[in-house]
Amino acid sequence: SACSSKLLLSRVHPMWQEPLAIPGGDRQSPIDIVVRKSVFDPQLRPLKVQYDPRTCQQIWNNGYSFLVEYDDTTDKSTLKGGPLEDQFRLCQFHFHWGENNAWGSEHSIDRRLYPAELHLVHWNSDKYSLFEEAVIEENGLAVIAVFLKIGKRHEGLQKLVDALPAVRHKDSVVEFTKFDPACLLPEKIDDYWTYAGSLTTPPLTEAVTWIVMKQHVEVSHDQLAVFRSLLFTSAEEQVQRSMVNNFRVQQALKGRTVRSSFT
Ligand SMILES: Cc1cc(C)cc(S(N)(=O)=O)c1
Ligand SMILES: [Zn+2]
């Protein structure tokens, strides 16, 4: 029947109904990165990441993911270099993950999915004065993506994992300070792919320079299981729904080139 075929078609239930048409959507994210089609660009510079743990403020369950939010009123936690012409300020990081370890990442490398993906979101503070301004501009945002793989326990992540039960429900917030997100980056941050894309959650604006790390980081099975204990739903709602599979379906490349910083 239609229902079962629909069920078969969407084996995994993306978190929300995709809007039918994105205005002029020719640079949507996420995508599959076909390694042999990426183009080495020797002009790509090393990334310069300078995060100040004192700018870490809180964790918020926004009903899509949990966001670790930073004070972005000054240039204390910044990203520059790589493919970027300007200086960008860290405003938040969050993750996407699956209901099991077979899938969960938004991007894939030659179709290989990871169980989860970290996004560190930055906005162009050379050109704009607020995130809300930058989010609608094509050079407004820069997001670093790091794949998570199941393996050894990530000691730096544990402080975050221990705080998650406090933000189990949608719209809950908990104070969270002195967390250095650099501990979530892989050793080699100068090996990455970069392409022009979009937010992967509404408003899906085509404002993002994506910087996808080649090297993954490892987290333990138990640490990722705590991510899955979060809920999409608020405390008042009758039916509680586990926060899993909070990734967007992959989008067409539409002629874009993915560049690599390495050969
Ligand atoms: C600004 C922003 C918010 C959210 C929830 C998610 C993103 S993403 N997945 O495009 O990095 C960006
Ligand atoms: Zn994201």
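Everything discussed here concerns the structure shown above.
None of these values were measured; they are calculated from a predicted model. (Residues numbered from 1 in each chain as written. Chains lettered and ligands numbered in written order. Predicted model: local features only at pLDDT ≥ 70, side-chain atom pairs only at ≥ 80, totals over all residues. Heavy atoms only, no water.)

A. Structural detail: the side chain of aspartate 41. Looking at the secondary structure, you find aspartate 41 in the loop between strand S2 (39-40) and strand S3 (47-50). Residue aspartate 41 is classed as buried on the basis of its relative accessible area of 14%. At 2.8 Å, the side chain of aspartate 41 and the side chain of arginine 259 are in polar contact. (Helix = DSSP H or I, 4+ residues; strand = E, 2+ residues; numbered from the N terminus. Buried < 20%, exposed > 50% of the residue type's maximum accessible area, 1.4 Å probe, protein only. Polar contact = N/O pair within 3.5 Å; in protein donor to acceptor, adjacent residues only side chain to side chain.)

B. Region of the structure containing the coordination of the zinc ion (ligand 2). For the zinc ion (ligand 2), every protein donor is listed as His94 (NE2), His96 (NE2) and His119 (ND1), and the spread of their distances is 2.0 Å. Geometry at the zinc ion (ligand 2) is tetrahedral, judged from its four donor atoms and the angles of 99 to 116 degrees they form at the metal. All donors to the zinc ion (ligand 2) come from one chain, and their sequence spacing reads H-x1-H-x22-H. You can see histidine 94 sitting in strand S7 (residues 88-97) and its partner histidine 119 sitting in strand S9 (residues 116-124), a full 25 residues away along the chain. Both residues of the pair, histidine 94 and histidine 119, count as buried. (Donors = N, O, S within 2.8 Å, 3.2 Å for Na, K, Ca; no water. Tetrahedral: all angles 85-135°; square planar, octahedral: opposite > 155°, others 65-115°.)

C. Local environment of the pairing of strand S6 (residues 78-81). The pairing of S3 with S6 spans four bridges and is classified as antiparallel. Counted as the bridge partner of lysine 48 is lysine 80 from S6. Judged from the two bridges that link them, S6 and S7 form a sheet pairing that is antiparallel. Within the sheet, the bridge partner assigned to threonine 78 lies in S7 and is arginine 89. The hairpin formed by S6 and S7 contains six residues between the paired strands, and glycine 82 there has a positive phi angle of roughly 60 degrees. (Pairing = 2+ DSSP bridges.)

On their own, these measurements won't tell you what the molecule is for.
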